[in-house]
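Commentary on secondary and tertiary structure
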Amino acid sequence: MSQKYQTLAEDVVRLVGGKENIQNVYHCQTRLRFKLVDESQADTVALEAEDGVVGVVKASGLYQVVIGTHVADVFEEIAPLVNLQSDEEVAAEKKNPVLKVIEFISGAFTPIIPAISGAGMVKAVLSVLTVFQIVSPESSTYMMLNIFADGVFYFLPILLAFTASQNLKSNPILSVGVAAMMLHPNWSALVATGNPVNFFEIIPFTLTGYASSVIPVLLVVWVQSYIEKFLKRHIPKSVELVVVPLLTFLIMGTLAFSILGPIGSFIGNLLAAFFTFLSTHASWAPALLIGGTLPLMVMFGAHTAVGPIGILQLTNKGYDNLFGPGALVSNIAQATAAAVVAVRTKDKKLKQLATSGSITGFMGITEPILYGVNLPKRYPLIASLIGGAAGGLYAGLTATRRFATGSSGLPAAVMYIGDGTMRHFYNILISLVITIVITAVLTYFLSFKYENVAVIEKRVTESNKPVSSEIAAVVTGSVLPLEEAHDEVFAQGLMGEGYVIEPHDGKIYAPFDGQVVSLFKTKHAIGLLSDQGAEVLIHVGINTVELEGNYFKAFIKEEDSVQKGQLLLEFDLEAIAQAGYDTQTMVIVTNTALFKEVTLAQTGVVNAGQPVLSVVEI
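What this report covers is the structure whose coordinates are included nearby.

All right, on to the overall build of the protein chain then. When its secondary structure is counted, the protein chain shows 22 helices and 20 strands. Dimensions along the principal axes, computed over C-alpha positions, put the protein chain at roughly 90 × 65 × 50 Å. For the protein chain, the proportion of its 618 residues judged to be buried stands at 50%. Once local pairs closer than 6 in sequence are excluded, the contacts in the protein chain between residues at least 24 apart make up 71%. Counting every atom, the protein chain has about 27900 Å² of accessible surface; 62% of that belongs to carbon and sulfur. Across the protein chain, the centroid of the 38 positively charged side chains sits 5 Å from that of the 51 negatively charged ones.

Next up, the structure:
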C-alpha cells in the first residue's frame, strides 16, 4: 500500500462525512467516486481547499473528488477506511432508468479499455508499417500483427460478457460461457452455409454472426442476470452447483440464438445505418459537437454514455469519426489553455498545477486541469471550447477517421493512419494545429481582461514588498463569511474569495477607486476593476436576474471611472423580498488567484464604506 497518501485519504473520508456516510466508493482515471448517504454532510469547501484535491464535482448521482492521475494510490489507502455498501443494497437501490443504462454501458466498457487501447495501438503500428511499405499485406508478419490487433475485437463479446456480468453481480464465468457459444466456429459455419437451423425442429435460430458485436451480448447478459438470480432462488442449495449452470446454458443458449441475439443484431444494424448516414450527410456535426462540448459532458458525467459510441462504430464500420476526432481536439484544447495560464499566472501553486496538468492533458488526461485550472478560471475553459469546436469542425468537414482507439492525447494521432492512406493522419494534424492556435490566442488575449497581469506586474516592479489594499463594504448591512452564501456556486468559492452581506438598505456604493468593467442589463450585478488590479463582482440577490431589471436603478455605465463611496446602484429591498427573492448580496474578488491573500477583515454589522476585505499582492 502507498503510505504516502494515508493522511490525504483520512482527510477525504472525514470531509465527505466519515465512513458512516459512505455507501460505496470507487475510482476512475482521476476521480474518487463516492455514493454518499447524505451529500449535505460533506464539507465541499474544505475538500476543495485540501492539499492533494483538485476539485469536487456532483454528477450522475455521485459525489466525485478529483485527485489526479495518482488516484489509484489514494484509493488504495481509502478502501480500508470505509464500510462499502453490500451487493444486496446496491442491487436494491432505486435509480433512474436512463442512469442505469448509462452505468451499465460504462461499467461494461471501462474495464476493457486497456485491452482495446493496446489492440488499437497495434493496429496503428500495422497501418504505419503498411503505408510506408515496411511490411507487405501478403506477408505472414502482416497476418500475425493483424491477429494481434483483431483478437480483442473479434472476441469482444466475451470480454463484454465478463465485465457486464460483474457489473450486474451475476456469474461472469457463466456469462462468458454463453458468449463463447455465440462465437463457436461451428455456428459461424452454419451462418456461412445459410441453411435454416431449427432447434428441436420447432424453434428457428436466426443465422447471424456475433463476432466483434456489442449489443447482442450486452442484451444477453442483462437477461441472463435475471434468469440466474431466479434459478438460484428456486433451486435447492444441494444441487445448485450443477443444475443452475445446466439450466442457464440451456435457457440462455436458446434465447441468445432465437430472440436476444437477433434483436441485438437488429439494433446494431440500425446503429450502423445511423453511423453511415452521419458519415455521409453530416460528418461535420459529431466532431464539432464533441470538440466544443466534451468538457461540459465530463462535468455532468454524460461522456460515459457518449464515449462507447465511438467503439460501437469502430466495431461496426472499422473506423470512428463520431467520438474520436472531437475528443482528441477537445483534450488538446484544454491542455493548450492550461499551458497559456501557466505562462500568464503569477500564482505559484496555480502555475505548478497548470504546468503539470497541461502535460498530462496533452497525453489525454484532462480532468486535473478541467477542475483545477480551466473551470475555476473560466476564461481558459471558454477558449478551449471554442478552439475544440473549431478543430472539430475541420475534422468533421474532412470526414477524418481514426482506425483504432485509446487515450485521446497527442500520441493518438497515429491511430488516424489507415485505409492505406495518410489523408486522415494529415487532416487530424491540421485539426490539432487549428485547435492549438485558436485556443492559445483566445486564452492569451482573454487573460488580459480576466487576469490583469499587467497591472499587478507594474506594481510589483515598483515595489518588491507586498502591497496591501482594502475593499470597503458596498452597502450598509450584516457581513457574513462567503461560505454562508445561500448560492452554492458563491459559497464554494468557485467564483473567487469575498464576502456576503445582508443589506439593510437599497444603496450600493463603490468600494474603491476604479472603473466599471461590466454592468448587467438587468442591473442586478456590477463588475469593477480597482486601480490596484482587483476585479470585483457585486451581485445583488440570488436569482434576481429573473426580475429583468425591475426594482433596480443604475447610476453608472460600463467604462465609467468611479470614486470610492460613489453611488452605483439603487434597488427596492422590500419589493425584491416580497417578490420571493433572497436579497443576500455577494462581493467577490474574481481574480483571487493573482493575489497572495484575500481575507475577510471583519464580520457583523457595518456601514457602507467601512473596510471589509484585505487584499495582499505578490
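What follows is about the nonpolar core. Tyr499, Ile508, Ile526 and Leu568 are the most contacted members of the largest nonpolar core, which has 37 residues in total. Ranked by size, the runner-up nonpolar core spans 25 residues in total, among them Ala108, Leu160, Val214 and Ile215.

This model, assessed by the stated rule, comprises 5 salt bridges. Among the ionic pairs, Lys237 bridges to Glu240, the shortest N-O distance being 3.3 Å.

As judged from the 5 bridges shared by strand 8 (residues 477-481) and strand 9 (residues 497-503), these two strands associate in the antiparallel manner. Each bridged residue has a counterpart across the sheet, and for Val479 the counterpart in strand 9 is Ile501. As judged from the 3 bridges shared by strand 8 and strand 19 (residues 604-606), these two strands associate in the antiparallel manner. Note that in strand 19 the partner of Ser478 across the bridge is Val605.

Once that is clear, we can look at the packing of aromatic side chains. Applying the stated rule across the entire model yields 11 aromatic pairs. Measuring from centroid to centroid gives 5.1 Å for Phe199 and Phe205, while their planes differ by 20 degrees, and the two rings are stacked. What makes Phe199 partly exposed here is its relative accessible area of 29%. Put simply, the rings of Trp187, Phe199, Phe200, Phe205, Tyr210 and Phe257 touch in pairs and so form one group of aromatic residues. Over the face of the ring belonging to Phe448 we find Arg344, whose NZ or CZ atom lies 4.1 Å from the ring centre. Seen from the ring of Tyr319, Arg401 lies directly overhead, with NZ or CZ sitting 3.8 Å from the centre.

Here we take up the environment of Pro611. Within the secondary structure layout, Pro611 lies in strand 20 (residues 611-617). Taking the C-alpha atoms as reference points, Pro611 and Ser213, 398 residues apart in sequence, are found 67 Å from one another. Pro611 has contacts with Glu470, Ile471, Ala472 and Gln602, leaving out every residue within four places of it along the chain.

Time to look at the sheet that holds strand 14 (residues 552-554). Strand pairs in the sheet, formed through backbone hydrogen bonds, run parallel or antiparallel to each other. If you trace the 3 strands from one edge of the open sheet to the other, you get 10-16-14, paired in antiparallel fashion. Every other strand in the sheet has two partners, leaving strand 10 (507-509) and strand 14 as the edge strands with one partner each. The mean angle between the axes of side-by-side strands here comes to 20 degrees, regardless of whether they run parallel or antiparallel. When strand 10 meets strand 16 (residues 567-571), the two strands line up antiparallel, connected through 3 bridges. Counted as the bridge partner of Lys507 is Glu570 from strand 16.

Time to look at the sheet that holds strand 9. Reading across from one edge, 15-11-12-13-17-9-8-19 is the order of the 8 strands in this open sheet, with antiparallel pairing throughout. Each edge of the open sheet carries a strand with a single partner, namely strand 15 (561-562) and strand 19. Alignment of strand 12 (residues 525-530) against strand 13 (residues 535-540), held across 5 bridges, turns out to be antiparallel. Its bridge partner being in strand 13, Ile526 is matched across the sheet by Ile538.

Bringing a nonpolar patch on the surface into the picture now. Residues Val433, Val437, Val441, Tyr444, Phe445 and Phe448 make up a contiguous nonpolar surface patch of roughly 550 Å² in combined accessible area. Tracing the sequence through the fold places Phe448 in helix 19 (residues 423-450).

What follows covers the side chain of Ser384. In this fold, Ser384 is placed in helix 18 (residues 379-397). Of note is the side chain of Ser384, whose polar atom sits 2.8 Å from the backbone oxygen of Leu381. Dropping the residues within four chain positions of it, Ser384 is found in contact with Ala333, Gln334, Ala337 and Thr439.

Where like charges cluster on the molecular surface, the negative patch consists of Asp43, Glu483, Glu484 and Glu497. Relative to the helices and strands, Glu483 resides in the loop between strand 8 and helix 21 (488-491).

Now for helix 8 (residues 156-167). Taking 1.5 Å of rise per residue, 12 residues should cover 16 Å, and helix 8 covers 16 Å from first to last C-alpha, within 8% of that figure. Those residues of helix 8 that sit buried are Leu156, Pro157, Leu160, Ala161, Thr163, Ala164 and Ser165. Among the residues trailing helix 8, Lys169 stands out with phi positive, at a value near 60 degrees.

Okay, helix 16 (residues 348-362) next. Note: α-helices contain 3.6 residues per turn, so residues at a spacing of three or four share the same orientation. Compared with the 21 Å implied by 1.5 Å per residue over 15 residues, the 21 Å span of helix 16 between its first and last C-alpha is a close match. Burial in helix 16 covers these residues: Leu350, Ala354, Gly357, Ser358 and Gly361. Each buried residue of helix 16 sits inside an arc of 110 degrees when the element is viewed along its axis, so together they form one side. In this structure, helix 16 carries Lys348, Lys349, Gln352 and Ile359 as exposed residues pointing more than 90 degrees from its buried face. Looking at the packing, one finds that the buried side of helix 16 touches helix 15 (324-344) and helix 17 (367-377). Once helix 16 ends, the next one or two residues include Gly364, with phi positive near 110 degrees.

The rules behind each value
- Residues numbered from 1 in each chain as written.
- Predicted model: local features only at pLDDT ≥ 70, side-chain atom pairs only at ≥ 80, totals over all residues.
- Heavy atoms only, no water.
- Helix = DSSP H or I, 4+ residues; strand = E, 2+ residues; numbered from the N terminus.
- Buried < 20%, exposed > 50% of the residue type's maximum accessible area, 1.4 Å probe, protein only.
- Contact = heavy atoms within 4.5 Å.
- Areas by Shrake-Rupley, 256 points an atom, 1.4 Å probe, with all protein chains shown as cover.
- Lys, Arg positive; Asp, Glu negative; His and termini not counted.
- Charge placed at Lys NZ, Arg CZ, Asp CG, Glu CD.
- Core = buried A, V, L, I, M, F, W, Y, C linked by side-chain atoms within 4.5 Å.
- Salt bridge = Lys/Arg side-chain N within 4 Å of Asp/Glu carboxyl O.
- Pairing = 2+ DSSP bridges.
- Phe/Tyr/Trp six-rings, centres within 6.5 Å; stacked < 30°, edge-to-face > 60°.
- Lys NZ or Arg CZ within 6 Å of the ring centre and 35° of its normal.
- Axes fitted to C-alpha atoms, helices over the stretch in contact; angles between N-to-C directions.
- Patch = residues over 30% accessible without salt bridge, like charges linked within 9 Å, V, L, I, M, F, W, Y side chains within 5 Å.
- Polar contact = N/O pair within 3.5 Å; in protein donor to acceptor, adjacent residues only side chain to side chain.
- Expected span 1.5 Å × (residues − 1).
- Arc of directions from axis to C-beta.

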